[in-house]
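Okay, here's what each chain looks like letter by letter:
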Amino acid sequence: VFRGASAHMILSSPIPYNLNVKPFVQVNPLSGDLYPFPCQNRTGVEFRTTVEAGKATLVKFTGGAQHAGGSCQFSISYNDPSPGWNSSAEFKTIYSIIAGCPAQFTDESRNLPTATPDQQGRADTAHCGNDFDINCVRQFLVPLPKFLKNGPATFAWTWFNKVGNREMYMTCAPVTITSGTEDEQQIQNLPDIFIANVPNAPEVSNCVTGTSNDHVVLNLPNPGKYGRVIESPNDPPLKPSNYCSGIPPANVLPSFE
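Since the structure is predicted, the reported quantities are computational estimates derived from the model, not experimental observations.

Moving on to the overall build of the chain. When helices and strands are counted, the chain shows one helix and 11 strands. Moving toward the C terminus, one meets the helices and strands of the chain in the order β-β-β-β-β-β-β-β-β-β-α-β. Summarising its shape, the C-alpha atoms of the chain cover approximately 45 × 40 × 35 Å along the three principal directions. Counting across all 257 residues of the chain, residues that qualify as buried make up 54%. Taken as a whole, the chain presents about 11,100 Å² of accessible surface, with 48% of it coming from carbon and sulfur. Side-chain charges of the chain comprise 17 positive and 21 negative groups, with the mean position of each set lying 3 Å from the other.

Written out as structure tokens, the structure reads:
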């Protein structure tokens, strides 16, 4: 289970950097070599999506290995991706989902049946068309704060899978924000995204959220004020020596607005 270079998941809407621009954004988890933080170091703009502050933007995914879902975060960065990001890039959390992202399953030992791959050969599967059905890939309406700064920005999705190796996935999309403000200060007060499970990149992350044997929904540290708890998180039975500090106990749930 969970094998194949064209499996796993990526953000597909808003349209990410390098979706159809070589080198193509990949569905692989982050690492310090081929797929570095942030955003796999992809910066090629095929299309810049316009999003409106104070409203919600529709988020969709493509992929063939859903790892029984997991916890995810959506964030905004105003760092300039050209000529290249580095590990100091800031991504501010605007919405967090604990469990059920991007799917929920009746049989978590199996991935969903594959469908026609996308034009770059990335695997795909059945889509729910909503944020609540099971055994299909969900889509979410992610609310954007009214105070976002207008202009070009990067919208990012980060994901910590429930089943399989402890990994972190990240796909980013170029956006233009409208109907917001001319001030970046309020978003600076939002929490940074959680970063963990990134091998070969000690400058980015030197901790893990468990082991490959775990079947764990991550209780996100500093998830912010806005989000959803779809399924209760749980703690790994055995915490490795480099287990991330700051992960709340599973029985301490965030109070989302």
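On to the confidence of the model for the chain, then. On average, residues of the chain score 91 in pLDDT, and 97% of them reach the 70 mark or higher. A low-confidence stretch, residues 1-6 (pLDDT under 50), is modelled with 12 contacts involving residues beyond four sequence positions or located in other chains.

Taken in spatial order, the three strands line up as 1-3-8 in an open sheet, and their pairing is antiparallel. Two strands close off the open sheet at either side, each with one partner strand: strand 1 (9-13) and strand 8 (140-143). Neighbour-to-neighbour, the strand axes of this sheet turn through a mean angle of 45°, independent of strand direction. Bridging between strand 3 (residues 56-63) and strand 8 involves four bridges; their strand directions are antiparallel. Residue pairing in the sheet places alanine 56 in a bridge with proline 143 of strand 8.

For strand 5 (residues 92-98), the tally of buried residues reaches seven of seven residues, placing the bulk of the element in the interior. When strand 4 (residues 70-77) meets strand 5, the two strands line up antiparallel, connected through five bridges. Considered in strand 5, the bridge of phenylalanine 74 is made with tyrosine 95. Two elements, strand 5 and strand 11 (residues 227-229), share three bridges in a ladder whose sense is parallel. The residue of strand 11 that forms the bridge with isoleucine 97 is arginine 228.

One can find aspartate 124 in strand 7 (residues 124-125). Arginine 122 is the oppositely charged side chain nearest to the buried, salt-bridge-free aspartate 124, at an N-O distance of 9.8 Å. Here histidine 127 takes part through its side chain, which lies 2.9 Å from a polar atom of the side chain of aspartate 124.

With an omega of 0°, the peptide bond between serine 13 and proline 14 qualifies as cis. In this fold, proline 14 is placed in the loop between strand 1 and strand 2 (49-52). Of note, the bond from lysine 22 into proline 23 is cis; its omega dihedral lies within 30 degrees of zero at -10°. Phi is positive for alanine 99, close to 75°, though the residue is something other than glycine. Along the polypeptide, alanine 99 turns up in the loop between strand 5 and strand 6 (114-115). By relative accessible area, which is 1% here, alanine 99 ends up buried.

Rules used throughout
- Residues numbered from 1 in each chain as written.
- Predicted model: local features only at pLDDT ≥ 70, side-chain atom pairs only at ≥ 80, totals over all residues.
- Heavy atoms only, no water.
- Helix = DSSP H or I, 4+ residues; strand = E, 2+ residues; numbered from the N terminus.
- Buried < 20%, exposed > 50% of the residue type's maximum accessible area, 1.4 Å probe, protein only.
- Areas by Shrake-Rupley, 256 points an atom, 1.4 Å probe, with all protein chains shown as cover.
- Lys, Arg positive; Asp, Glu negative; His and termini not counted.
- Charge placed at Lys NZ, Arg CZ, Asp CG, Glu CD.
- pLDDT = per-residue confidence, 0-100.
- Contact = heavy atoms within 4.5 Å.
- Pairing = 2+ DSSP bridges.
- Axes fitted to C-alpha atoms, helices over the stretch in contact; angles between N-to-C directions.
- Salt bridge = Lys/Arg side-chain N within 4 Å of Asp/Glu carboxyl O.
- Polar contact = N/O pair within 3.5 Å; in protein donor to acceptor, adjacent residues only side chain to side chain.

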